[in-house]
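# Descriptive structure summary
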Amino acid sequence: MIKVEHLSKKFGDVTVLKDITTEIRKGEVVAIIGPSGTGKSTFLRCLNLLETPSGGAIHINGEDVLGARTDVPKLRQKMNMVFQSFNLFSHLSVLENLTLAPIKLRGVEKPAAEKRARELLQMVGLGEKADHFPSELSGGQQQRVAIARCLAMEPEAVLFDEPTSALDPTMVSEVLAVIRRLAKDGMTMVIVTHEMDFARDVANRIFYMDEGLIYEEGSPAQIFENPQKEKTRIFINRVRSCRHEVLSRDYDLYAMNGQIETFCEKQMLGKTARHNLLLLLEEILQLYKPALGQIRLSVSVEYSEKTEQLELSFTSNSATGNVLESDNPDDELPILIIRNYAEQIHFESVDGADRLQLVVKKA
Ligand code: ADP
Ligand code: MG
């Protein structure tokens, strides 16, 4: 349905997209992930000609859209886009937001446009809000209206550019639920997102973008569990783990806890897992305390969706020995507690650096 060949885009001297070649079939859901600034938005904007590509070709259903005769407004209806900021018309009611473009651009009669608009509002769970104004709705509701408005143009594909990143965390899931529903109904979609769990379970294919290219692509399982290329691996590991360097005895435990809490929330870890993790962290740091200042300690938390294991590890840049084998009587109780909250404990010493690794009990 969408065929892209050697697409490139420069802004002045800066090449943002180097050479993109890919095909997206009807009914496919593609999620685009990658660090910011790697051209994900630019790629989407090129697909519906919000940006004019510098080179290459784009065919939509066999039609060359970079040809001079392309009807650009019509193309944008076919490949309609949902933005991070909902861009609703604030002076129009929700219903009017949905009917405006179908009436003006597609020549739909008002009653038919309103009927369809109400159906779509039902579908996104906002049947009751037809006569409200956007300012009366929450961010999540506004974004659902924006999705319904996009669908009112009867697009053949929908392009989403980070549809949840402007939302309060409590509203993300209602918007994702609507997008999931569209996927189930067979809508062709290209979704730029930072929500990795969502990308993973909604998409048929993942594009990891970097260096102006689709640096790596594959099934969700391939990209998230077994990425082949260096940068993809680094990116995937970073989003699945959080790391903190402890350089002195005066480390900021609160900042570290905050960072870890955010991480746990993102990974949707339960209360017990979070509690056990923070407790282990605090107790183990106490054991390392005498050595802090002399060693550099790197603390990392990782969650593997595959094994469902939550790992906490401490890596020191010089030999400290296993703090859990301390024979200081004061350490006896903390060590007992630690052993109780950890499912597995592993210690290894490699090239003078020590690594203590624990699997946290989640229940
Ligand atoms: P992403 O969506 O992956 O974060 P973008 O596509 O927004 O990345 O941007 C990629 C690069 O292109 C960035 O360095 C950005 O500054 C640059 N860029 C995007 N749009 C323009 C523009 N209209 N003019 C100049 N530079 C731009
Ligand atoms: Mg972007």
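Fair warning: this is a prediction, and the values are worked out from it, not measured in the lab.

Rules behind the numbers
- Residues numbered from 1 in each chain as written.
- Chains lettered and ligands numbered in written order.
- Predicted model: local features only at pLDDT ≥ 70, side-chain atom pairs only at ≥ 80, totals over all residues.
- Heavy atoms only, no water.
- Helix = DSSP H or I, 4+ residues; strand = E, 2+ residues; numbered from the N terminus.
- Buried < 20%, exposed > 50% of the residue type's maximum accessible area, 1.4 Å probe, protein only.
- Phe/Tyr/Trp six-rings, centres within 6.5 Å; stacked < 30°, edge-to-face > 60°.
- Near = heavy atom within 4 Å.
- Polar contact = N/O pair within 3.5 Å; in protein donor to acceptor, adjacent residues only side chain to side chain.
- Areas by Shrake-Rupley, 256 points an atom, 1.4 Å probe, with all protein chains shown as cover.
- 1 Å grid on protein atoms, 1.4 Å probe; cavity = no way out; pocket = protein on both sides within 12 Å on 5 of 7 lines; lining within 4 Å.
- Points joined across faces, edges and corners; volume = space filled by probe spheres on them.
- Nonpolar A, V, L, I, M, F, W, Y, C, P; charged D, E, K, R; others polar.
- Domains from an automatic or database assignment.
- Pairing = 2+ DSSP bridges.
- Contact = heavy atoms within 4.5 Å.
- Axes fitted to C-alpha atoms, helices over the stretch in contact; angles between N-to-C directions.

Once that is clear, we can look at unusual backbone geometry. Positive phi, normally seen in glycine, also occurs at asparagine 61, with a value near 45°. When you line up the elements, asparagine 61 lands in the loop between β4 (55-60) and β5 (63-64). By relative accessible area, asparagine 61 is classed as partly exposed at 45%.

Here we come to the packing of aromatic side chains. Applying the stated criterion across every chain yields a total of three aromatic pairs. Consider the rings of tyrosine 208 and phenylalanine 235, whose centres lie 5.3 Å apart with planes at 50°: the pair is tilted. You can see tyrosine 208 sitting in strand β9 (residues 205-210) and its partner phenylalanine 235 sitting in helix α9 (residues 230-240), a full 27 residues away along the chain. A relative accessible area of 1% places tyrosine 208 in the buried class. For phenylalanine 235, a relative accessible area of 5% corresponds to the buried category.

Around ligand 1, the neighbouring residues are Phe11, Val16, Ser36, Gly37, Thr38, Gly39, Lys40, Ser41 and Thr42. At 3.1 Å, a backbone N or O of threonine 38 approaches an oxygen atom of ligand 1. Within the side chain of serine 41, an N or O atom sits 2.8 Å from an oxygen atom of ligand 1. When ligand 1 sits alone it has 560 Å² of accessible area, and the protein chains cover 56% of it. Sort the elements by how many residues they give to the shell around ligand 1 and helix α1 (residues 40-47) lands first, with three residues.

A few words on the layout of surface pockets. Unoccupied space between atoms shows up once a probe the size of one water molecule is rolled over them. Size it by volume and the largest pocket reaches roughly 940 Å³. Lining the largest pocket are 33 residues, with His194, Glu195, Glu265, Lys266 and Gln267 sitting closest to its centre. At the level of elements, α6 (172-184), α7 (196-202), α9, β11 (241-246) and α10 (253-266) are the ones that each hand at least two residues to the lining of the largest pocket. Of the residues contributing to the lining of the largest pocket, the split by class is 13 nonpolar, 10 polar and 10 charged. Both domains that meet at the lining of the largest pocket, namely domain 1 (2-235) and domain 2 (238-360), each give it at least three residues. Estimated volume of the second largest pocket: approximately 500 Å³.

A few words on the sheet that holds β4. Strand-to-strand pairing in sheets goes through backbone hydrogen bonds, with the strands running parallel or antiparallel. Spatially, β2-β1-β4-β5 is the arrangement adopted by the four strands of the open sheet, whose pairing is antiparallel. Looking at strand neighbours, the two that pair on one side only are β2 (14-24) and β5, the edges of this open sheet. In the packing of α1 onto the sheet, the strands contacted are β1 (2-11), β2 and β4, and the crossing angle to β1 comes to about 120°.

Here we take up empty space enclosed by the protein. Tallied over the entire structure, the rule returns one cavity of 30 Å³ or more. Volume-wise, the largest cavity comes out at about 30 Å³. Residue lining of the largest cavity: Cys242, Arg243, His244, Met256, Gln259, Ile260, Val299, Ser300 and Val301, and that is the complete set. For the lining of the largest cavity, the elements supplying multiple residues, two or more each, are β11, α10 and β12 (297-304). Classifying every residue of the lining of the largest cavity gives five nonpolar, three polar and one charged.

Here we come to the environment of arginine 274. Among the secondary structure elements, arginine 274 is positioned in helix α11 (residues 271-288). Sequence separation between arginine 274 and leucine 100 is 174 residues; the distance between their C-alpha atoms is 48 Å. With sequence-adjacent residues up to four places away left out, arginine 274 is seen in contact with Glu261, Cys264, Glu265 and Leu269.

This next bit is on the environment of arginine 200. The residue arginine 200 is located in helix α7 in this model. Looking at arginine 200, the relative accessible area reads 19%, which means it is buried. Once the C-alpha coordinates of arginine 200 and glycine 107 are considered, the two residues, 93 residues apart in sequence, prove to be 39 Å apart. At 2.3 Å, the side chain of arginine 200 and the side chain of glutamate 225 are in polar contact.

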